[in-house]
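A structural walkthrough
In case you want the letters, here they are:
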Amino acid sequence: MRQYAGNRVGLAVVGTVLAGLGAYAWLRGEGRLSDLPPKAKVLPAQLHRTLAEEPWSMWLLAFALLLLSLVSLRWLLLCLGWGRRGTPNGTGTAMLFVGLKNVEGLGKAKVRVGDDGLRISVTCPSEADMGAVVGKLDQDIVGRIRREVRDDEMSTVVRLHVRR
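A brief look at the structure comes next.

Counting buried positions over the 9 residues of strand β3 (residues 117-125) gives 9, a clear majority of the element. Connecting strand β2 (residues 109-114) to the next strand, β3, in antiparallel fashion are 2 residues. Strand direction decides the pairing type here: β3 and strand β4 (residues 156-163), joined by 8 bridges, are parallel. Bridging across to β4, Ile 120 finds its partner in Val 158. Traced from β3 through helix α5 (residues 130-149) to β4, the parallel crossover comes out right-handed.

Laid out in structure tokens, this is it:
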């Protein structure tokens, strides 16, 4: 299982529960559940009276919940991998790991190839010698990966993430 599967599973569970509660509240409010009279109140009476006195508060609450759902949807889409540019390249990733084999604690390294060029992502611990890592990437590894994957003239973006 992938490292970030917890994000997807947790978000799917929360989304399903919230969608079920929303459907229940809507059905209860419309009186479509057989055991309740039509237009039954979902909120407690005191809270309902307080909100009825200020009608803009319901619109504000609805807007906040809509915004929260859109942010959650964006998070889910990013967790699923939508919006990533390019396709993973196993040969380039293997070459990257071989070139950085002396870096202690190297976490992740990925190479993606797309229409707009090559994208290299490396995650290192904070104890690693960043000067040596950048020097290896600049002098040696990136050029080899570019030649192996496509051509030597393709644009390349290298992202170096440092773990705390």
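What the 4 strands build is an open sheet, ordered β1-β2-β3-β4; its pairing is mixed. In this open sheet, the two strands that pair with only one neighbour each are β1 (87-88) and β4. Bridge count between β1 and β2: 2 bridges; the pairing is antiparallel. What sits directly across from Pro 88, in β2, is Arg 112.

The grouping of Val 9, Val 13, Val 14, Val 17, Leu 18 and Leu 21 at the surface amounts to a nonpolar patch, some 540 Å² of accessible area in total. With respect to the helices and strands, the residue Val 17 is situated in helix α1 (residues 5-30). With a relative accessible area of 48%, Val 17 lands in the partly exposed category.

Reading the values: rules and limits
Here the residue numbering is sequential within each chain, running from 1 through the sequence in written order. Reporting of local features is limited, given that this is a predicted model, to residues whose pLDDT is at least 70; pairs of side-chain atoms are given and counted only at 80 or more, and all residues count toward the totals for whole chains, interfaces and linings. Side-chain descriptors were evaluated using all non-hydrogen atoms of the structure, hydrogens and water having been removed beforehand. Here's how the labels work: a residue is buried when its accessible area is under 20% of the maximum for its type, exposed when over 50%, partly exposed in between, all with a 1.4 Å probe on protein chains only. A run of H or I in DSSP becomes a helix once it reaches four residues, and a run of E becomes a strand once it reaches two; helices and strands are each numbered from the N terminus. A strand pair is defined by DSSP finding two or more bridges across the two strands. By convention a crossover is right-handed if, when the strands point away from the viewer, the path from the first strand over the helix to the second runs clockwise. Each patch is built from residues lacking any salt bridge and having more than 30% relative accessible area; the joining distance is 9 Å for like charges and 5 Å for nonpolar side chains (Val, Leu, Ile, Met, Phe, Trp, Tyr). For every accessible area listed, the method is Shrake-Rupley and the probe measures 1.4 Å; residues are considered covered only by the protein chains on display. Take a side-chain nitrogen of Lys or Arg and a carboxyl oxygen of Asp or Glu: if they are within 4 Å of each other, that pair is a salt bridge.

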